[in-house]
Amino acid sequence: QVQLVESGGGLVQPGGSLRLSCVASLSRFSIYNMDWYRQAPGEQRELVATITRGGTTSYADSVNGRFTISRDNAKNTVYLQMNSLKPEDTAVYYCKAVGIVMSHWGKGTLVTVSS
C-alpha cells in the first residue's frame with residue numbers, strides 16, 4: 001500500500017521559516033511528478049508548488065519567491081522550504097505523487113503562522 005507521510009508543520013511567527021518533508025513509499029519515486037497543496041479553513045485545496053520528475057519547478061503566484069520545492073530521489077522525499085511566512089499561509093499542507101495511471105495523497109501537516 002502506497003503511503004505518503006508529511007512532516008515539519010507547526011506554529012511559526014510571521015516572517016519565520018519552516019521546512020516540510022514528504023516521504024513516499026513508492027517503488028519508483030523518481031518517475032512521479034510531486035506536488036504540494038494546501039487547504040485553509042473554509043477554503044478549497046490549492047496547488048502551491050510542483051516539481052517534475054525532471055526537476056522542473058513551478059509555483060503559485062502567492063508563494064513564488066518565498067517557497068522552494070525540491071526532491072531527493074535517493075530518499076523518496078520531496079521538500080517544501082517556506083520562508084517569509086505570512087498568516088495567510090496558515091493551512092494544512094498535503095503532498096501528492098502524480099503518476100501516469102494513479103495519484104497518491106498524504107494526510108497532511110498543519111502549518112499555523114501567528115504571533
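Reading guide: rules and limits
- Residues numbered from 1 in each chain as written.
- Predicted model: local features only at pLDDT ≥ 70, side-chain atom pairs only at ≥ 80, totals over all residues.
- Heavy atoms only, no water.
- Disulfide = S-S within 2.5 Å.
- Helix = DSSP H or I, 4+ residues; strand = E, 2+ residues; numbered from the N terminus.
- Buried < 20%, exposed > 50% of the residue type's maximum accessible area, 1.4 Å probe, protein only.
- Patch = residues over 30% accessible without salt bridge, like charges linked within 9 Å, V, L, I, M, F, W, Y side chains within 5 Å.
- Areas by Shrake-Rupley, 256 points an atom, 1.4 Å probe, with all protein chains shown as cover.
- Salt bridge = Lys/Arg side-chain N within 4 Å of Asp/Glu carboxyl O.

Some details on the state of the cysteines
Here the structure, examined in full by the defined rule, presents 1 disulfide. The residue that forms a disulfide with cysteine 22 is cysteine 95, at a sulfur-sulfur distance of 1.9 Å. The sign of the S-S torsion, about 45 degrees, decides the handedness of the disulfide formed by cysteine 22 and cysteine 95: right-handed. Here the residue cysteine 22 occupies a position in strand β3 (residues 18–24), and cysteine 95 occupies one in strand β9 (residues 91–98), the gap between them amounting to 73 residues. For cysteine 95, a relative accessible area of 0% translates into the label buried.

Details of a nonpolar patch on the surface
Residues Ile100, Val101 and Met102 make up a contiguous nonpolar surface patch of roughly 400 Å² in combined accessible area. Mapped onto the fold, methionine 102 is located in the loop between β9 and β10 (103–105).

Brief notes about the pattern of salt bridges
Per the stated rule, a full pass over the model turns up 3 salt bridges. With a shortest N-O distance of 2.9 Å, aspartate 89 and arginine 38 are connected by a salt bridge. Placement of aspartate 89 in the loop between β8 (77–82) and β9 and of arginine 38 in strand β4 (residues 33–39) is noted, with a sequence separation of 51 residues between them. Note on accessibility: aspartate 89 and arginine 38 belong to one class, buried. Note that arginine 66 is salt-bridged to aspartate 89, the shortest N-O span being 2.8 Å. Of this pair, arginine 66 sits in the loop between β6 (57–59) and β7 (67–72) while aspartate 89 sits in the loop between β8 and β9, and the two are 23 residues apart along the sequence.

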